[in-house]
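# Fold and contact review
Now for the letters of each chain:
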Amino acid sequence: MSILFLSALVNCDLGVRESCIRDCTLNGKMDGDSSEDDGLGFNEKSALDLGNGEGVSSSAIADEVVPDRMVTDVHNAVDAFNSPDVHVDGMKPATRLEMTNFQYSGSEGSDRVAERRDVGPSRGFERLCSAFVSSALSRGEGGPDYVNVLRQMEKSLLRAPSSMIETERFFLAHADRSQSRESHKSVCIGEANRGCDTMQHKRAKILEHSQECNYSAMTSSGSGMPASPLDAGQNLSHCMSVSTETEMHMFLNSPFDETRIHMGCGRAGGNDDEDENGCSKAEEYEVKMDLTDDLLHMVFSFLDHISLCSAARVCRQWRAASAHEDFWRRLDFRNLNIAPLQFADMCNRYPNVTEVDIFGTRAVETLAQKALNSLRSLEVLTLGRGHFGDAFFHALIDCPFLSNLDISESLLGNGIQEIPVCHDRLHHLSMTKCRVSRLSIRCPQLETLSLKRTNMTHAILSCPQLKELNIAFCNKLSDAGIRSIATSCTMLTSLDISNCSPVTDETLREIALACPNLHVLDASYCPNISLESVRLPLLTDLNLRNCEGINSGSMTSLSYCYMLEELQLDFCWILTSVSLDLPRLRSISLVHCRRFVDLNLRCPSLSSITICNCPVLNRITITSNALQKLVLQKQESLASVHLQCQVLQEVDLSECESLKNSICDVFSDGGGCPMLKSLVLDSCESLTKVGLRSTSLISLSLVGCRGMKSLELCCPNLQHVFLDGCDHLEDASFCPVGLTSLNLGICPKLVKLQLEAPQMTILELKGCGVLSQAAINCPNLISLDASFCSQLQDDCLSATTASCPYVESLILMSCPSVGADGLSSLCRLPNLTLLDLSYTFLTNLQPVFDSCTQLEVLKLQACKYLVNSSLDALHKRGALPALRELDLSYGSICQSAIEELLSSCTNLTHVSLNGCANMHDLDWSSGVDQCFQLKSADESLHLPNALGNDIETSEEHVQTSEEHVRLLQNLNCVGCPNIKKVVIPSSACCVHLSSLNLSLSANLKEVNLSCCNLSFLNLSNCCSLEILVLDCPRLTSLLLQSCGIEEKVLEDAISHCNMLETLDIRFCPKITGVGNIRLVCPSLKRLFSSLWP
């Protein structure tokens, strides 16, 4: 008899069960004989019929063969298996099995041991067998026939051919936990484990082809108590997540047997494939996890209860390890709807539990009573959201080891009577947010007590060892009641009376006398206290937040708190001044003190100070040896600051608009802050003259100091300075500073600059329009930008080049005062590679040609006074041989000079001729360009060798031709209004030209290009364009936006551009479609057209 047969029994009706049992017995399958139905006791079709409730043939039934008592026992077992209420020998209701998705895969004819994958919820076969035997034993009729039947059932499984085992994969374990949710898992049938060792010596095993290792357990026939930690319960709180509830529920309802566990090893007695130790050869295909019990214990010690429940479903060893008493010393059922029976079983199974949390559970009163009665070793008990009467508090004495009791959000008693709390060993008691009228607490060992937010009107404490008391928000306690409670505890070290509005200074004086060891006092939100005549010499932490009675006179009482370390005075509305001399004070807070004017602190240990939104604060004096950071932002009235802080490193006085120039003396050497590194004075608009001399200062920020006119810094280690928005700065001196870069481009009124910075590499003076005196001594300066310094003279430029010999980039754009003398001084800059003289009035460039022999980039934009001969040295005498980039945009040089320059200066790679009105045509197929070709050919044919002979060889001809190839890569002729024709043939040798920009050339009509490496062409807004011929095989981007070109011309032009990917033809009125364009140029990936929706 197999699991197929038993599963069918579960799902069929009573009559069919009897017929099937008798039919199976008549055919002799109980004794293990094999037949044509593959040794399973009946064929698969019969099983399907049973599962569907169709029954079997009546001709196969013989009532006289099977004893009636066996049939009755089977019926009882199946009923116990299916019924949600009936128990058999203490067994809990088992889950039902459903047969779904059956697919028969044929048969294979050899006996072998099957591998199995045991899934936790699918234990139907073992449970049904156990119920079958248990029913017989309960009536005292468990004879040999029952044992034989059970053994034959196991053997039939072991002899099942592999094909049948594969067929039986259609079974899914159905755990009907919530009556509405179904979960299916595939079950792989395997051999039973008859010869498994005891649990202590068994290790978990993982099958080679299994994705998970689970277990299938058989309950003992004589077991009356489930062995898993949480077996007794069935329902959990829906407050948990679905996954968490499922894991815990399955663990609570899974049976466990110490004597018989079916492991993944799949061993069974009587099989031909077993070895001498009784283990199957299937173990040769298994991978063992070498996890000893000690190692598992160590690993499981890091898991919470939910994870332990999940681990328990893996295998027998893990289940036993997860049930160890060490992991269940704390029962946490917080906000779970645990049943009282389940909780009682847990308490009985683990009597040594030391901590229980049942806050928010159903019937919390019953559970708490059970915990007190059953758990004699209980030390910590957490309760809440219940109603606890006298019986509960009287039962506390039943837990002699109880040391911590936490009750919150509960009703104690009937709300009128006095609640007694008596316990000899209780150390910590918390009763927060509880409704109770009167309390009587007598706990001689109690150390901490919290009655926060209780509505009690009277309390009696007899706790001689109490050290911490919290009665915050107990608004119904009178001043006398608070005084009585606090003074009865003479050992108090911490007292919280915050939000107890009735408290007065008299109560505080009584407490100070009765509790000489008081260290921590929280009296915040107590409006009736002023600390008058209150002496607390051992106080270390004092909170007076929002105490409306605290005033300047209260500081006298605070001066007696010699041990005070932390002080909070936030929202003390009438406090005007604070003057304290406390050697141990480490932290003070003054926030939103509206009338606070003067602060005087002489506290050597002060390390933290918070002052914010004190609108009338005028003076601050601080003496400290521990303060490292001081932040005093938005103190509009602060005018005077005196600091003696030896380790102060950061100061932020942003938006302190009343600060005077004298503040600079505080932060200079000798001012009391010798280790200052960062100073922020942003938006201090009253500062007019800033002078700092500090050897420690590294960073300085003066952003938005609009009133500052003079700046003098002598800070050799200064590395960062920020001067944005200093619009009125006229005189600046940085001598010396450790700056590596400086930007003064936001100082339009700067006239005089003195700079000494040995480490500086970048200097920007862009926008200093009136700068006329500049003494710059930066020996390592690399880049100097003096754009728009219209008053910069030749003498300043000469002095700068003398003191900064390593300058590589010099920008003198819009410096009209720079003349020939200044340019001649550039000879002192041997590394100069970039020179920008745009928008100047220069007429002669010869000083540049003579001085800057290594120049690579020359920008001459809008130099209107340059004549055609100004560039003769470039294309006639070979000046600036290293020049690669030339910008002549918006100049007045004529067409012939430009053509000669382009034909002769073949070393140029980037040329810009934007906006050149004198540029008419760019035709390199005739004129001067022909001279270039003839000259190149002539030179290539006549090359003198070392002996002075003329040699004409093809190799030398090729070599010479390569030397005369143009290096031009980028040519920009944007906005040239008079250019009409651009022709660049292949004979022009522009093999390196990759980018050509002719946009905004309104009169351009013809473009004929033959450039093998051209990849980018921009002809946008060339509205007169009519002819476009392209022989550019590597062109990838063509921009024709707002052009007047015909569609046919465009198609012919791009037909030879095999690599064209981007085409922009938006707003081209003569192009009416894009279909032919895609056909002509199939390589297009991005086509921009205004014709598309």
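These lines cover the structure that appears in this document, whether it is placed above or below. (Residues numbered from 1 in each chain as written. Predicted model: local features only at pLDDT ≥ 70, side-chain atom pairs only at ≥ 80, totals over all residues. Heavy atoms only, no water.)

## Concerning the side chain of Glu-1051
Within the fold, Glu-1051 resides in helix α26 (residues 1047–1054). When neighbours within four sequence positions are excluded, Glu-1051 is seen to be in contact with Asn-1076, Ile-1077 and Val-1080. (Helix = DSSP H or I, 4+ residues; strand = E, 2+ residues; numbered from the N terminus. Contact = heavy atoms within 4.5 Å.)

## Considering the pattern of salt bridges
By the definition in use, this model includes 23 salt bridges. One salt bridge in this structure joins Glu-355 and Arg-330, with 2.8 Å as the shortest N-O distance. Here Arg-330 lies in strand β7 (residues 330–332) and Glu-355 lies in strand β8 (residues 355–357), a separation of 25 residues in the sequence. In this structure, Arg-483 engages Glu-506 in a salt bridge whose closest nitrogen and oxygen atoms are separated by 3.9 Å. Note that Arg-483 is positioned in helix α15 (residues 479–487) and Glu-506 in helix α16 (residues 505–514), a separation of 23 residues in sequence. Bridged by salt links that share partners, the residues Glu-325, Asp-326 and Arg-329 form one connected network. (Salt bridge = Lys/Arg side-chain N within 4 Å of Asp/Glu carboxyl O.)

## A closer look at the nonpolar core
Ranked by internal contacts, the top residues of the largest apolar core, which has 267 residues, are Phe-392, Phe-667, Phe-734 and Leu-1019. Top element by residues in this core is helix α13 (residues 364–374). It accounts for 5 residues. With near-sequence residues (within four places) excluded, Leu-1019 lies in contact with Leu-998, Ser-999, Leu-1004, Val-1007, Leu-1025, Leu-1028, Leu-1039, Leu-1040 and Cys-1043. (Core = buried A, V, L, I, M, F, W, Y, C linked by side-chain atoms within 4.5 Å. Buried < 20%, exposed > 50% of the residue type's maximum accessible area, 1.4 Å probe, protein only.)

## Regarding the sheet that holds strand β36 (residues 731–737)
If you walk across this open sheet you meet the 5 strands as β32-β34-β36-β38-β40, and the pairing is parallel. The open sheet has two edge strands with one neighbour each: β32 (689–693) and β40 (773–777). Taking each pair of neighbouring strands and ignoring which way they run, the sheet shows an average axis angle of 5°. (Pairing = 2+ DSSP bridges. Axes fitted to C-alpha atoms, helices over the stretch in contact; angles between N-to-C directions.)

## Considering the packing of helix α12 (residues 340–349) against α13
Contact geometry for α12 and α13: axes closest at 10 Å, N-to-C directions at 15°. Of the possible angle classes, the one that applies to α12 and α13 is roughly parallel. Where α12 crosses over α13, the handedness of that crossing is right-handed. Across the interface between the two elements, Pro-340, Phe-343, Ala-344, Cys-347 and Asn-348 of α12 pack against Thr-366, Leu-367, Lys-370, Ala-371 and Ser-374 of α13. For the contact of α12 with α13, the per-class residue count stands at 6 nonpolar, 3 polar and 1 charged. (Parallel < 35°, antiparallel > 145°, perpendicular 65-115°, else oblique. Left-handed = near helix turned anticlockwise from the far one by under 90°. Nonpolar A, V, L, I, M, F, W, Y, C, P; charged D, E, K, R; others polar.)

## Here we look at α16
All of the buried residues along α16 are Asp-505, Thr-507, Leu-508, Ile-511 and Ala-512. In an axial view of α16, the angular spread of the buried residues amounts to 155°, which keeps them on one side of the axis. Looking at the packing, one finds that the buried side of α16 touches α15, β19 (494–496) and β20 (520–522). (Arc of directions from axis to C-beta.)

## Observations concerning the packing of aromatic side chains
All told, the structure shown has 8 aromatic pairs when counted by the stated rule. Centre to centre, the rings of Phe-300 and Phe-327 are 6.4 Å apart; their planes meet at 65°, and the pair counts as edge-to-face. Taken together, the residues span a long stretch of sequence, with Phe-300 in helix α9 (residues 293–300) and Phe-327 in the loop between α11 (316–322) and β7 at a distance of 27 residues. Ring centres of Phe-388 and Phe-392 lie 5.0 Å apart, and the angle between their planes is 45°; this geometry places the pair in the tilted category. Of the two residues, Phe-388 and Phe-392, both sit in the buried class. Each member of the aromatic cluster is reached from another via a ring pair, and the members are Phe-300, Trp-318 and Phe-327. Taking the ring centre of Trp-573 as reference, the NZ or CZ of Arg-594 above it sits at 4.2 Å. Against the face of Trp-924 rests Arg-966, its NZ or CZ located 4.2 Å from the ring centre. (Phe/Tyr/Trp six-rings, centres within 6.5 Å; stacked < 30°, edge-to-face > 60°. Lys NZ or Arg CZ within 6 Å of the ring centre and 35° of its normal.)

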